[in-house]
Structure formats: C-alpha cells, structure tokens
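Summary of the model geometry
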Amino acid sequence: MNIAEKLTTVAKNEQKVYDAGYKKHYDFFWDGMLNYGNPANYINRFRRWTNTEIYQPNHNIVHSLSAPASATETFRESFFTDLKVDNIFNDVSRLNYFCQDCTTLVNARTFHVIEKTTYYSPFGNCPKLVEIRFNGTIGQNGISFSSCVKLSKDSIESVIGHLSSAASGLTVTFSKTAVNKAFEMSSGANDGAASGEWLALVASKSNWTIALA
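Here is a short report on the structure shown in this document. Note that this is a predicted model, so its numbers are computed, not measured. (Residues numbered from 1 in each chain as written. Predicted model: local features only at pLDDT ≥ 70, side-chain atom pairs only at ≥ 80, totals over all residues. Heavy atoms only, no water.)

On to the sheet that holds strand E9 (residues 208-212), then. An order of E7-E8-E9 is seen for the three strands of this open sheet, with the pairing classed as parallel. Every interior strand has two partners, whereas the edge strands, strand E7 (144-145) and E9, have only one. Along the sheet face, helix H2 (residues 153-161) touches E7, strand E8 (170-174) and E9 and points at about 180° away from the line of E8. (Pairing = 2+ DSSP bridges. Helix = DSSP H or I, 4+ residues; strand = E, 2+ residues; numbered from the N terminus. Contact = heavy atoms within 4.5 Å. Axes fitted to C-alpha atoms, helices over the stretch in contact; angles between N-to-C directions.)

Written out as structure tokens, the structure reads:
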C-alpha cells in the first residue's frame, strides 16, 4: 500500500469514527429527551424551539399516564415544519395550546388519542398546517382547525372520520378556505363547502356540529 492509499484509508476510517461518535451522542440525547419512547411529561418541552436542525427525535412522543396536563404547550411557538414522529395520548391528556402559534408547521404527523382526551386550542394560529392524521376517537370539544387555511383533504377526512359516533352536543371547526379548496368541484372553483362530497362527509357525523369559520 503506497502513501496515497494509506491516506485514503485513514480518511475513510476517520469518517467512520466520527459517524459512530455522532450516532452515540445523538441516541444519548434523544433517548433521554424522549424517555426511550416511554411515557413522560412534555409540558413546554419543545416550546419556542428555533433550531430545527437539532430536532431529530428517534422515538414517538408518548405522553405520561400519570400527568393529565403532560401535553400542555408541548410545541407552542416552535419553528418546526414537521413534528417528524407521532404523538401518543393514552390517558386523559389535555392538549392545551399543544401547537398554538406554530406558524411554520406543515406536517403534524399522527395524533393517537382516546375519547377522554381533552382539547383547548391545540392548533390555534397554525396557518401553514397541511397534514395531520388521527388514530383513536375524538370525543371532546375544543378541537378547531379554523386557522389552518391550507389543511389537506386527507387531513380533514381523518379528523371527521375519527369523531366519536356516540358523542352529542360537540363541535369541531374547520377553515372554510381550506374546505373550499380541498373539496372544490372543479380546479380553481373554491366551492368545496357546497359540494356533495363535503355535505356527505358532514352528514356521516350528524351527531356533531361541523362548523366552518
């Protein structure tokens, strides 16, 4: 092996050592931050985070079974565009201002909720939110997407599809701008709120008031 070949081998090994060290510290930080994917208290955990490069979670975020307010302001005023992992609420977690004022958020991934999960302005002032999915049952008031003017059709259908069939007297609110675009009857018509597809979707959960704002 000549000198040039030796230098090439050293350079490759140096990168491997660097990568291994980076992975070790990455796992150490995020395993601790997210409790190895086990339930934890996330009150204000990522509030006002501005460094989106550091936010590289390696587990879904599982909210504590013992702290009912563990989901309060978890991402409030953060600058993320993508939450990157799912949020799991296996108890009566209160989603108070969960993503309030997340003005850059585009993809909120999947929210795993139960019927007793409560909401208070979890998505207020999220004008760029496009994608969100739900798993489980939405069974409480306070969930509104009125500020989410870009919410996709799939997202809207996911929300409505997971509204409790047994609840009564409850309201969910969407942006009329988003509905008009997502369910428009022809390209550029922006008339989705009058479409048969939208009206049929609303009728599928007639026990709810599905409002437009």
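Within the structure shown, the criterion is met by ten salt bridges. Linking Glu73 and Arg76 is a salt bridge whose minimum nitrogen-to-oxygen distance equals 2.7 Å. Each member of the pair, Glu73 as well as Arg76, is classed as buried. A salt bridge links Arg133 to Glu131, with the nearest nitrogen and oxygen atoms 2.8 Å apart. By relative accessible area, which is 25% here, Glu131 ends up partly exposed. One continuous salt-bridge network, built from bridges that share partners, spans Arg47, Arg48, Glu73, Arg76, Glu77 and Asp101. (Salt bridge = Lys/Arg side-chain N within 4 Å of Asp/Glu carboxyl O. Buried < 20%, exposed > 50% of the residue type's maximum accessible area, 1.4 Å probe, protein only.)

So, about the nonpolar core. When a protein is soluble and globular, its nonpolar side chains tend to lie buried together. Membership of the largest hydrophobic core comes to 50 residues, with the highest contact counts inside it found for Phe46, Phe111, Phe123 and Phe174. Elements represented by at least two residues in this core include exactly helix H1 (3-33), strand E4 (107-113), strand E6 (131-136), H2, E8, helix H3 (176-182), helix H4 (196-203) and E9. (Core = buried A, V, L, I, M, F, W, Y, C linked by side-chain atoms within 4.5 Å.)

Overall, the coordinates contain 24 aromatic pairs when judged by the stated rule. Seen from their ring centres, Trp49 and Phe80 are 6.2 Å apart, and the 65° between their planes marks the pair as edge-to-face. Pair noted here: Trp49 is in the loop between H1 and strand E1 (61-63) and Phe80 is in the loop between E1 and strand E2 (87-89), with a separation of 31 residues, a long-range link. Phe80 carries the same exposure label as Trp49, and that label is buried. Seen from their ring centres, Phe89 and Phe98 are 5.7 Å apart, and the 80° between their planes marks the pair as edge-to-face. The exposure class of Phe89 is buried, given its relative accessible area of 0%. In this structure Phe98 comes out as buried when scored by relative accessible area, which is 0%. A cation over a ring is seen here: Arg76 above Tyr97, with NZ or CZ 4.5 Å from the ring centre. (Phe/Tyr/Trp six-rings, centres within 6.5 Å; stacked < 30°, edge-to-face > 60°. Lys NZ or Arg CZ within 6 Å of the ring centre and 35° of its normal.)

Summed over the entire model, instances satisfying the criterion amount to zero disulfides. Looking at Cys99, it has no disulfide partner, and the nearest cysteine sulfur is the one in Cys102, 4.5 Å off. Lacking any disulfide linkage, Cys148 is separated from the closest cysteine sulfur, that of Cys126, by 5.3 Å. Cys148 gets classed as buried once you look at its relative accessible area, which sits at 0%. (Disulfide = S-S within 2.5 Å.)

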